[in-house]
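Chains, contacts and geometry: an overview
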Amino acid sequence: MKTIKIAIQKSGRLNEKSVELLKNCGLNFENYKSSLISKVTNFPLEILFLRDDDIPEYVQDGIADLGIVGENVIAETKVSTHTLQKLGFGKCTLKIAVKKDELISDIAELENKTIATSYPIILQDYLDKNNIKANIRTISGSVEIGPGLGLSDAICDIVSTGATLKSNGLVPFADVLSSEAVLITKNTNESSHLIEELLQRIQSVLRAKNTKYVVLNTHQGNLEKIVDLLPGVKSPTIVPLHEPGWLAVHSVIQESDFWPKINSLRKAGAEGIVVMPIEKIIL
Ligand code: ATP
Ligand code: MG
């Protein structure tokens, strides 16, 4: 039987979430220890544990059928792959930052300046689009110390919370690229049913991730108001209670709507509200 391969990061910021996503898809496998390949025991899939920089190329060349990697890495390697699905984790932004006292507020002021980065390709694209000529100094890590050491006037680096920039006396002033982890495949029109099936499982986990299952009781007279507040996947399920005139309403709500909705539901006459996690939503 044919087996497909998925490449994920061996260790680092995307590893844990990538493994968690695959486990939530019902896949059983040993997590990376010393072997670089792990066989999934209940699906024809092998997991390759790699440095994230190598993932786009492995997928482009067909060594792996799928990969999970940051959009920033794909943009920097300039390979041609197809993004099947954004995965909602590993979110970060590539930003240009300068020393706090530099007082640069417009990107045009970067003309002829030196910018240190580990992302020379993305930065060059950005500068070209903005008609700026600057010197790019490529360094592989600890970019934030550049300006303090007089190595560069500015930096272009990944920021998620901004804490590292701040502790190095830097302030971000321009966003170059927003990134998150994505599921990629080879750039081709062929698709395999195993890829399709895995994609469907991943999408059902992602759909469920931001939603809750809500069950509440209410008197018949309040039903219309309550149903207006609860859309459900299709529409809410209404079940009669043993007590005459009373109903149980079952529905699915977005996690982000949670507290405002719960408060409105109580005001509308909902009682005994139970909220439960959802594992998967298959449409
Ligand atoms: P590898 O050893 O696999 O090459 P790495 O050191 O290049 O790992 P990590 O630091 O583990 O990479 O980051 C992996 C990805 O996580 C980044 O490419 C980016 O997409 C994402 N990411 C999210 N937040 C951050 C952050 N604060 N700093 C760096 N990367 C981040
Ligand atoms: Mg890397």
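The structure this text deals with has already been given above.
First, a word on what this report is: a plain description of the structure on this page. (Residues numbered from 1 in each chain as written. Chains lettered and ligands numbered in written order. Predicted model: local features only at pLDDT ≥ 70, side-chain atom pairs only at ≥ 80, totals over all residues. Heavy atoms only, no water.)

With that settled, the discussion passes to the overall build of the chain. Broken down by element type, the chain carries eight helices and 15 strands. On C-alpha atoms alone, the chain measures out to a radius of gyration of 24 Å, which is more than a quarter above the 19 Å that the 2.2 N^0.38 rule sets for 283 residues. Principal axes of the C-alpha set define a box for the chain whose edges measure 80 × 55 × 35 Å. Counting across all 283 residues of the chain, residues that qualify as buried make up 42%. Long-range contacts, defined here as pairs at least 24 residues apart, represent 69% of the contacts in the chain between residues at least 6 apart. Carbon and sulfur atoms form 49% of the exposed surface of the chain, whose accessible area is close to 15600 Å². Each charge class in the chain was averaged separately, 31 positive and 34 negative side chains, and the resulting centres sit 3 Å apart. (Helix = DSSP H or I, 4+ residues; strand = E, 2+ residues; numbered from the N terminus. Rg over C-alpha atoms; globule rule 2.2 N^0.38 Å. Buried < 20%, exposed > 50% of the residue type's maximum accessible area, 1.4 Å probe, protein only. Contact = heavy atoms within 4.5 Å. Areas by Shrake-Rupley, 256 points an atom, 1.4 Å probe, with all protein chains shown as cover. Lys, Arg positive; Asp, Glu negative; His and termini not counted. Charge placed at Lys NZ, Arg CZ, Asp CG, Glu CD.)

Turning our attention to the coordination of the magnesium ion (ligand 2). Looking at the magnesium ion (ligand 2), one finds its protein donor set to be Asp52 (OD) and Asp53 (OD), positioned 2.1 Å from the metal centre. Given the relative accessible area of 18%, Asp52 is considered buried. (Donors = N, O, S within 2.8 Å, 3.2 Å for Na, K, Ca; no water.)

Moving on to the site of ligand 1. Taken together, 16 residues form the shell around ligand 1, and within it Arg13, Arg51, Asp53, Asn72 and Ser160 come nearest. In this structure, Arg13 approaches ligand 1 through a main-chain N or O atom, which is 2.8 Å from an oxygen atom. Note that a nitrogen atom of ligand 1 is positioned 2.7 Å from one of the side-chain N or O atoms of Ser160. Bound to the protein, ligand 1 loses 77% of the 630 Å² it would expose on its own. Here the residues of the shell around ligand 1 are counted per class, giving four nonpolar, seven polar and five charged. (Near = heavy atom within 4 Å. Polar contact = N/O pair within 3.5 Å; in protein donor to acceptor, adjacent residues only side chain to side chain. Nonpolar A, V, L, I, M, F, W, Y, C, P; charged D, E, K, R; others polar.)

Nothing here speaks to function; it is all geometry.
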